[in-house]
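Observations on chain architecture
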Amino acid sequence: MKNLNLAIVIPCYNEEEILPQTIKKLSKLLDTLISEKLISPSSKLVFVNDGSKDKTWDIIEKNNKTNQYVKGICLSRNFGHQEALLAGLYNTKADAYITIDADLQDDINVIKDMIEKYQEGYEVVYGVRNKRDTDTFFKRNTALWFYKLMKMLGVELVANHADFRLLSKRAVETMSSFKEKNLFLRAVVPLVGYKSTNVYYDRKKRDAGITKYPLKKMVLFALKGISSFSAFPLHLITLSGILISIFSFILMLWTVIAYFNNSTIVGWASLMSVISFFSGITILFMGIIGEYIASIFVEVKNRPLYIIDKTLE
Ligand code: UDP
Ligand code: MG
């Protein structure tokens, strides 16, 4: 068994309250894994500072001087969680990568299981949450419906899996050949293929700090996931268009017949309902098309996903 050089990638956005604790816990874990000869002593913790406005980067810099595991990548501004993850993955050399959130809500004890799965030959190991009882009622249910919807739309997702996963070097290289900008990583990773498996854990509550995913960000993230992975809503428009056209044609025939039967005085209510119904549908469908145009808009500009300001080796 070859000595595995592991990189744990941790995106951080305004995490000063929890970061010192996170660095301590992860360093201890690496100590243990190294002493058990599961990973090589050159393994590292890569903290990606995603344009934090607090002391996050100072903490990373300070720990980089005293802690041999701690490496840092500082982005030039806030790019977003997914972008920060990729900056870490694509700018670090390792045999395998594990991505985990800075708040360590995901159980770091299954990292060992992930490595064991990797040694068995799995190139992608998903961290999957057993239950969601630490989430609010709202988050739990919206998440559930989101998974159902994505499945209906034909997008393969691992349910109850966020961005806690192990990726082999080859899987990361393959992922980098996906040139799209609308990155919704949890849908990209299954597209990479290769042998994959799950490990299960219970997710904790955040120990300190607040969530960096308020409702607005969550909804935008979900929309991004749909519009960049499924063209089904577009097909739905065409399909409804056909049905509505048939319906309108029948309505037209009925109107003409009614006209020749001299019974066209009453009609305000039906007219109003037909107009409002079709205006609603029209605007909704324009909106759906707009979502896709927005996706294309982002893609064609082909802007960099992230910009690195400085790095700490
Ligand atoms: N994060 C980031 N950039 C952002 C928002 C979040 O790098 O713009 C990081 C954040 O520091 C954390 C992870 O993404 O490590 C997940 O965020 P959070 O724990 O707040 O999300 P939640 O667990 O509430 O869904
Ligand atoms: Mg969290």
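What comes next concerns the included structure. Just so it is clear, the model here is predicted, and its values are computed rather than measured. (Residues numbered from 1 in each chain as written. Chains lettered and ligands numbered in written order. Predicted model: local features only at pLDDT ≥ 70, side-chain atom pairs only at ≥ 80, totals over all residues. Heavy atoms only, no water.)

1. Examining the overall build of the protein chain
Our working rule: Runs of H or I in DSSP of at least four residues are treated as helices and runs of E of at least two as strands, each being numbered from the N terminus. Every radius of gyration here is taken over C-alpha atoms, with the globule rule written as 2.2 Å times N^0.38, N being the number of residues. Under the scheme applied here, a residue whose accessible area is under 20% of the maximum for its type counts as buried, over 50% as exposed, and between as partly exposed, the area being computed with a 1.4 Å probe on protein chains only. Pairs of residues are marked as contacts when any of their non-hydrogen atoms sit within 4.5 Å. Values of accessible area rely on a 1.4 Å probe in the Shrake-Rupley scheme; residue burial ignores everything except the protein chains shown. By the counting scheme adopted, Arg and Lys are positive, Glu and Asp are negative, and His together with the chain ends is not counted. Charge placement uses NZ in Lys and CZ in Arg. For Asp and Glu, CG and CD serve respectively.
Summing up its helical and strand segments, the protein chain has ten helices and eight strands in all. A globule of 313 residues ought to have a C-alpha radius of gyration of about 20 Å, yet the protein chain, at 25 Å, is considerably larger. Principal axes of the C-alpha set define a box for the protein chain whose edges measure 95 × 40 × 40 Å. When the 313 residues of the protein chain are sorted by exposure, 45% land in the buried category. In the protein chain, the share of contacts with a sequence separation of at least 24, taken over all contacts with a separation of at least 6, comes to 83%. Here the protein chain displays about 17,100 Å² of accessible surface, and carbon together with sulfur accounts for 63% of that area. For the protein chain, the centre of its 40 positive side-chain charges and the centre of its 31 negative side-chain charges are spaced 2 Å apart.

2. Quick look at the nonpolar core
If you look at soluble globular proteins, the nonpolar side chains tend to sit buried side by side. Defined as follows: Side-chain atoms within 4.5 Å link the members of a nonpolar core, which is a set of buried Ala, Val, Leu, Ile, Met, Phe, Trp, Tyr and Cys residues.
The biggest cluster of nonpolar side chains holds 41 residues, and the ones touching the most others in it are Val48, Leu75, Leu86, Leu89, Leu167, Met175 and Phe184. Setting aside chain neighbours within four positions, we find leucine 75 in contact with Val48, Asn49, Asp50, Gly51, Ala84, Ala87, Tyr306, Ile307, Ile308 and Asp309. Within the second largest apolar cluster, 40 residues are counted, among which are Ile10, Leu26, Ile100 and Phe164.

3. Examining the coordination of the magnesium ion (ligand 2)
The line we're drawing: Keep in mind that water is not among the atoms, so a site may look incomplete; donors are the N, O and S atoms within 2.8 Å of the metal, or 3.2 Å for Na, K and Ca.
Summarising the metal site, the magnesium ion (ligand 2) is bound by the protein donors Asp103 (OD) and Gln105 (OE1), whose distances to it range over 1.9 Å. The class for glutamine 105 is buried, based on a relative accessible area of 13%.

4. Describing the environment of lysine 224
Checked against the element boundaries, lysine 224 lands in helix 8 (residues 215–229). Judged by relative accessible area, which is 22%, lysine 224 ranks as partly exposed. For the pair lysine 224 and tyrosine 292, spaced 68 residues apart in sequence, the C-alpha separation works out to 9.5 Å. Setting aside chain neighbours within four positions, we find lysine 224 in contact with Glu83, Asn182 and Leu183.

5. With respect to the site of ligand 1
Worth spelling out the cut-off: Put simply, a residue is near a molecule or strand once any heavy atom of it comes within 4 Å of that molecule or strand. Polar contacts, as counted here, are pairs of nitrogen or oxygen atoms within 3.5 Å of one another; within protein the pair requires one atom able to donate a hydrogen and one able to accept it, and residues that are adjacent in sequence qualify only if both atoms are side-chain atoms. As a working rule, the residues Ala, Val, Leu, Ile, Met, Phe, Trp, Tyr, Cys and Pro are called nonpolar, Asp, Glu, Lys and Arg charged, and the rest polar, with Gly in that last group.
Around ligand 1, the structure places 19 residues, and the nearest of them are Glu15, Asp50, Asp103, Thr211 and Lys212. Measuring from an oxygen atom of ligand 1, one finds a side-chain N or O atom of aspartate 103 at 2.5 Å. For ligand 1, an oxygen atom lies 3.3 Å from a polar atom in the side chain of arginine 203. With the chains in place, 94% of the 540 Å² that ligand 1 exposes on its own is no longer accessible. A breakdown of the residues in the shell around ligand 1 according to their chemical character gives five nonpolar, five polar and nine charged.

6. Things to note about the pairing of strand 5 (residues 124–129)
Cut-off, in case you're wondering: Paired strands, in this sense, are two strands between which DSSP finds at least two bridges.
Counting buried positions along strand 5 yields six of six residues, so the element is predominantly enclosed. The two faces of strand 5 match: Val124, Tyr126 and Val128 on one face and Val125, Gly127 and Arg129 on the other face are all buried. Judged from the six bridges that link them, strand 5 and strand 7 (residues 196–201) form a sheet pairing that is parallel. Looking across to strand 7, one finds that tyrosine 126 is bridged to asparagine 198.

7. Side note on the packing of helix 5 (residues 137–152) against helix 8
Let me state the cut-off plainly: Interaxial angles span 0 to 180 degrees and are taken between N-to-C directions of axes, which are lines fitted to C-alpha atoms, for helices over the stretch in contact. With respect to orientation, any angle under 35 degrees is reported as roughly parallel, any angle over 145 as roughly antiparallel, any angle of 65 to 115 as roughly perpendicular, and every other angle as oblique.
Across the interface, helix 5 lies against helix 8 with an axial gap of 11 Å and an inter-helix angle of 10°. Of the possible angle classes, the one that applies to helix 5 and helix 8 is roughly parallel. Here Phe138, Lys139, Thr142, Phe146, Leu149 and Met150 of helix 5 lie close against helix 8, whose contacting residues are Leu215, Met218, Ala222, Gly225 and Ile226. Its residues placed into classes, the contact of helix 5 with helix 8 shows eight nonpolar, two polar and one charged.

8. Things to note about the pairing of strand 6 (residues 165–168)
Residue alternation in strand 6 divides its side chains into two sets, Arg165 and Leu167 and Leu166 and Ser168, and both sets are buried. Bridge analysis of strand 5 against strand 6 gives three bridges, and the strand direction is antiparallel. Each bridged residue has a counterpart across the sheet, and for valine 125 the counterpart in strand 6 is leucine 166.

9. A word on the packing of aromatic side chains
Let me state the cut-off plainly: Note on aromatic pairs: the rings of Phe, Tyr and Trp (six-membered ring only in Trp) are paired at centre separations within 6.5 Å, and the planes decide the class, stacked below 30 degrees, edge-to-face beyond 60, tilted for the rest. Whether a charge sits over a ring depends on NZ of Lys or CZ of Arg being within 6 Å of the ring centre and within 35 degrees of the ring normal.
Scanning the entire structure with this criterion turns up four aromatic pairs. Plain terms: the ring middles of phenylalanine 146 and phenylalanine 184 are 6.2 Å apart, the flat faces sit at 80° to each other, and that makes the pair edge-to-face. Of this pair, phenylalanine 146 sits in helix 5 while phenylalanine 184 sits in the loop between helix 6 (169–175) and helix 7 (185–192); the two residues are 38 residues apart in sequence, bridging distant segments of the chain. Phenylalanine 184 shares its class with phenylalanine 146; the two are buried. Ring geometry for phenylalanine 247 against phenylalanine 278: centres 6.4 Å apart, planes inclined by 40°, an arrangement best described as tilted. Taken together, the residues phenylalanine 247 in helix 9 (residues 232–260) and phenylalanine 278 in helix 10 (residues 268–301) connect sequence positions 31 residues apart. For phenylalanine 247, a relative accessible area of 44% corresponds to the partly exposed category. One aromatic cluster is present, formed by Phe146, Tyr147 and Phe184 through successive ring pairs. Here the guanidinium or amino end of arginine 77 rests over the ring plane of phenylalanine 79, the centre of that ring lying 3.9 Å away. Here the basic side chain of lysine 195 rests over the ring of tyrosine 122, its NZ or CZ set 4.7 Å away from the ring centre.

In short, shape yes, function no, at least from these values alone.
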